[in-house]
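# Chain and residue survey
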Amino acid sequence: MQFDLFSERPKQYPTLDALIAEMMKMEDDPLFPAGTNMVICRGNPKAKLMIVGEAPGTEEDRQGKPFVGRSGQLLDQILAAVKFDSDKDVFITNSVFRLPPGDNGKPLRKPTDDEIEFYKPYLLEIIRLIDPVIMLLTGNVATQSLLGKVGITKLRGEWYEWNGRWAMPIFHPAYLLRNPSRQPGSPKALTWRDIQEVRRKYDELIP
Ligand code: URA
Ligand code: URA
């Protein structure tokens, strides 16, 4: 099925539930023909801290919730290390809302630029409805979607002012699972530094 990248969508929705209901009915998105599920969000819609991931994996597709597989477990541990509870303090969503196909024992394929662009207005509407103060962009796809830049190694760990909110790109937990070293300068060591800075900023901004 053809999808129109340039159509005005989505409109504004009065509530997150209304937006979710509309997304669950979607049949004209680029990943609909792949036959995978819509995976939209988990966590607390009142949270001031939002995590934006890439796309669901197989476990997320199965459960219909983002970051519930191995990456999600590591994400929860990273957050817990600075006393963020991923059910209470955080709202978690993705840049692309269906599992890109080709996951049969092979590494998950990255979403294409067209897929990222197609789903972006939905991500923007989720952000508008949740109204977070701080957003963590995990990996290149989320950083590309919202900041329009790639190169996570250079971009991570810095704050970017984004439409009146604060955004920080951080390494994707799946990348940390592939790079388990804790040596100084390693992705894990840098992420530890980044998450402590997130806690500092959160405590500064959110009473
Ligand atoms: N990786 C992501 O970026 N998002 C998920 O929901 C799961 C794994
Ligand atoms: N590529 C990504 O998309 N994310 C990372 O964290 C590292 C490499």
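Since the structure is predicted, the reported quantities are computational estimates derived from the model, not experimental observations. (Residues numbered from 1 in each chain as written. Chains lettered and ligands numbered in written order. Predicted model: local features only at pLDDT ≥ 70, side-chain atom pairs only at ≥ 80, totals over all residues. Heavy atoms only, no water.)

## A few points about the overall build of the protein chain
The number of helices and strands found in the protein chain is 8 helices and 6 strands. Scanning the protein chain from its N terminus toward the C terminus, one meets helices and strands in the order α-β-β-α-α-β-α-β-α-α-β-β-α-α. For the protein chain, whose C-alpha radius of gyration is 16 Å, the value lies close to the compact-globule estimate of 17 Å for 207 residues. In terms of its C-alpha atoms, the protein chain occupies a principal-axis envelope of roughly 50 × 40 × 30 Å. Across the 207 residues that make up the protein chain, the buried fraction comes to 50%. Of all intrachain contacts in the protein chain linking residues separated by at least 6 positions in sequence, the fraction that spans at least 24 positions is 74%. Seen as two clouds, the 28 positive and the 28 negative side-chain charges of the protein chain have centres 6 Å apart. (Helix = DSSP H or I, 4+ residues; strand = E, 2+ residues; numbered from the N terminus. Rg over C-alpha atoms; globule rule 2.2 N^0.38 Å. Buried < 20%, exposed > 50% of the residue type's maximum accessible area, 1.4 Å probe, protein only. Contact = heavy atoms within 4.5 Å. Lys, Arg positive; Asp, Glu negative; His and termini not counted. Charge placed at Lys NZ, Arg CZ, Asp CG, Glu CD.)

## What about the packing of helix H4 (residues 113-130) against helix H5 (residues 139-147)?
The contact between H4 and H5 brings their axes to 9 Å, and the two run at 70°. The pairing of H4 with H5 is recorded here as roughly perpendicular in orientation. In the packing of H4 onto H5, the handedness of the crossing is right-handed. Residues Asp113, Ile116, Lys120, Leu123, Leu124 and Ile127 of H4 form the contact with H5, whose participating residues are Val141, Gln144, Ser145 and Leu146. Taken together, the residues of the contact of H4 with H5 sort by class into 6 nonpolar, 2 polar and 2 charged. (Axes fitted to C-alpha atoms, helices over the stretch in contact; angles between N-to-C directions. Parallel < 35°, antiparallel > 145°, perpendicular 65-115°, else oblique. Left-handed = near helix turned anticlockwise from the far one by under 90°. Nonpolar A, V, L, I, M, F, W, Y, C, P; charged D, E, K, R; others polar.)

## A short note on the packing of helix H1 (residues 16-24) against H4
Where H1 meets H4, the closest approach of the two axes is 10 Å, and the angle between their N-to-C directions is 160°. Accordingly, the angle class assigned to the pair H1 and H4 is roughly antiparallel. Crossing hand, H1 versus H4: left-handed. Across from Leu16, Leu19 and Met23 in H1, the residues of H4 making contact are Tyr122, Glu125, Ile126, Leu129 and Ile130.

## Details of the packing of aromatic side chains
One pass over the structure, following the stated rule, counts 5 aromatic pairs. When the ring of Phe97 is compared with that of Tyr119, the centres are 5.9 Å apart and the planes differ by 70°; the resulting orientation is edge-to-face. With Phe97 in the loop between strand S3 (90-94) and H4 and Tyr119 in helix H4, the pair connects residues that are 22 residues apart, well separated along the chain. In this structure, Phe97 and Tyr119 share a single accessibility class: buried. Here the aromatic residues Phe97, Phe118, Tyr119 and Tyr122 are joined through ring pairs into a cluster of three or more. Geometry around Phe84 places Arg199 over its ring, the cationic atom sitting 4.1 Å from the centre. When the ring centre of Trp166 is taken as reference, the NZ or CZ atom of Lys201 above it lies at 3.9 Å. (Phe/Tyr/Trp six-rings, centres within 6.5 Å; stacked < 30°, edge-to-face > 60°. Lys NZ or Arg CZ within 6 Å of the ring centre and 35° of its normal.)

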